[in-house]
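A structural walkthrough
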Amino acid sequence: MKPNIKNIAVLTSGGDAPGMNACIRAVVRTGIYNGINMFGVLQGYQGLISNNINPMDARSVSNIIHLGGTILKTARCLEFKTDEGMALAYENMKARDIDGLVVIGGDGTFTGAKRFGEKFGIRVMGVPGTIDNDLYGSDFTLGYDTAINTVIEAIDKIRDTADSHDRLFFIEVMGRDSGCIALRSAISSGAEAVLLPEKETSLNELISMLETGASTKKTSSIVIVSEGHKDGGAYEVAKKVKERFNHYDTKVTILGHLQRGGSPSSFDRILGSRLGFAAVNELLKGNTMEMVGLRGNEVKTTSIEEALTRHTFKLESDLLEMTKVLSI
Ligand code: ADP
């Protein structure tokens, strides 16, 4: 039986990601279209605790689909991990009769949502929002595609200078324990090599690849280093390589937080819209404790429990194989 949901709130939590605004817009408008009163919570779970919960109408989300970041702001909130913090959050929701909550964020956000939903019977629906693409249940997470576009734009520029000076560049990209950004960036920028957290690449192997390139008249080389790689970050790897391979002048670039910002790609705008639309529709159907995600270009749900506990190897095997072949 369908529940009688009248009020739904939406929040963004954890790391921000491009496409979150497209998702907020879709959540708010899908709710309003279905006659639901919609609320926006500022600064993630912190806003639930400090009662920063505001009504939203269709115009509250006008002209935001192209914006990076999140208009609802985000925060890391330690108080929400305590029983007292959660109870305060619940009281503030109850005072407005809010019975459904859409959370857009990563695994920490989902862990909080699961505990909250189980403790107080709030209906929760998760949307995977993180540039790292590290959640089970969605082939792509919000912001991942835009982050790759940002990275390759930067690498294209670095390649110009690397090539002009015959240089070897080590470029560190984000992703925590996930090499997804690194792998796709490597393929789409034509990098010579990529070091991933999920895959062992020995220093010998890397140096031999670079030597082959130098001996076949490559004038510059780019190595992408995922921030979670076991040999340390780009500075550490560059230092070790330089001790044994000094064919080129060696430079290091850490791309850092610029990878988090920027106007979302068309892919992330559409993904945010699809997942936001689906999240509200799933709540209205009576579903709860689930995450909406994209699998094989179809929107599918996965239980939050499964999304949190089933860690899968997400690197695309054909791309992995291509890194060796296409960089000769
Ligand atoms: P992300 O969602 O990007 O993984 P975090 O790990 O920082 O980011 O989690 C976001 C927020 O989710 C935290 O600041 C906290 O408010 C909430 N959270 C994380 N873990 C828990 C938990 N075990 N119980 C309750 N809330 C949690």
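Residues numbered from 1 in each chain as written. Predicted model: local features only at pLDDT ≥ 70, side-chain atom pairs only at ≥ 80, totals over all residues. Heavy atoms only, no water.

Looking at an unreviewed UniProt entry, one finds the chain named ATP-dependent 6-phosphofructokinase, with Pedobacter heparinus as its source organism. Taken directly from UniProt, the Subcellular location (unreviewed entry) text for the chain runs: "Cytoplasm". Note on the chain: under the UniProt heading Subunit (unreviewed entry), the record states "Homotetramer." (UniProt positions renumbered as here; feature names shortened; annotations may be inferred.)

Attention shifts here to the sheet that holds strand 9 (residues 249-254). Strands in a sheet are paired, the pairing made by backbone hydrogen bonds, and the direction either parallel or antiparallel. Here we have four strands laid out as an open sheet, ordered 7-8-6-9, and parallel in their pairing. Edge positions in the open sheet fall to strand 7 (193-195) and strand 9, since each of these has one partner strand only. Neighbouring strand axes in the sheet, compared pairwise and without regard to direction, differ in orientation by 20 degrees on average. In the sheet, strand 6 (residues 167-173) pairs with strand 9 via six bridges, with the strands oriented parallel. (Pairing = 2+ DSSP bridges. Helix = DSSP H or I, 4+ residues; strand = E, 2+ residues; numbered from the N terminus. Axes fitted to C-alpha atoms, helices over the stretch in contact; angles between N-to-C directions.)

Attention shifts here to the domain arrangement of the chain. Examined at the domain level, the chain breaks down into domain 1 (7-143 + 264-309) and domain 2 (145-260). Counting residues at the interface gives 15 residues for domain 1 and 13 residues for domain 2. The interface formed by domain 1 and domain 2 includes four salt bridges. Among the ionic pairs, Asp16 bridges to Arg260, the shortest N-O distance being 3.4 Å. If you look at where domain 1 meets domain 2, you find 10 residue pairs in polar contact (both at pLDDT 80 or more). A per-class count over the side of domain 1 that touches domain 2 returns five nonpolar, four polar and six charged. (Domains from an automatic or database assignment. Contact = heavy atoms within 4.5 Å. Salt bridge = Lys/Arg side-chain N within 4 Å of Asp/Glu carboxyl O. Polar contact = N/O pair within 3.5 Å; in protein donor to acceptor, adjacent residues only side chain to side chain. Nonpolar A, V, L, I, M, F, W, Y, C, P; charged D, E, K, R; others polar.)

Our focus in this paragraph is the pattern of salt bridges. Applying the stated criterion to the full structure yields 16 salt bridges. The residue Lys114 makes a salt bridge to Glu305 at a minimum N-O spacing of 3.3 Å. Of this pair, Lys114 sits in helix 4 (residues 107-120) while Glu305 sits in helix 10 (residues 304-309), placing them 191 residues apart in sequence. A salt bridge links Glu192 to Lys218; the nearest nitrogen and oxygen atoms lie 2.8 Å apart. With Glu192 in the loop between helix 6 (180-189) and strand 7 and Lys218 in the loop between helix 7 (203-215) and strand 8 (221-226), the pair connects residues that are 26 residues apart, well separated along the chain.

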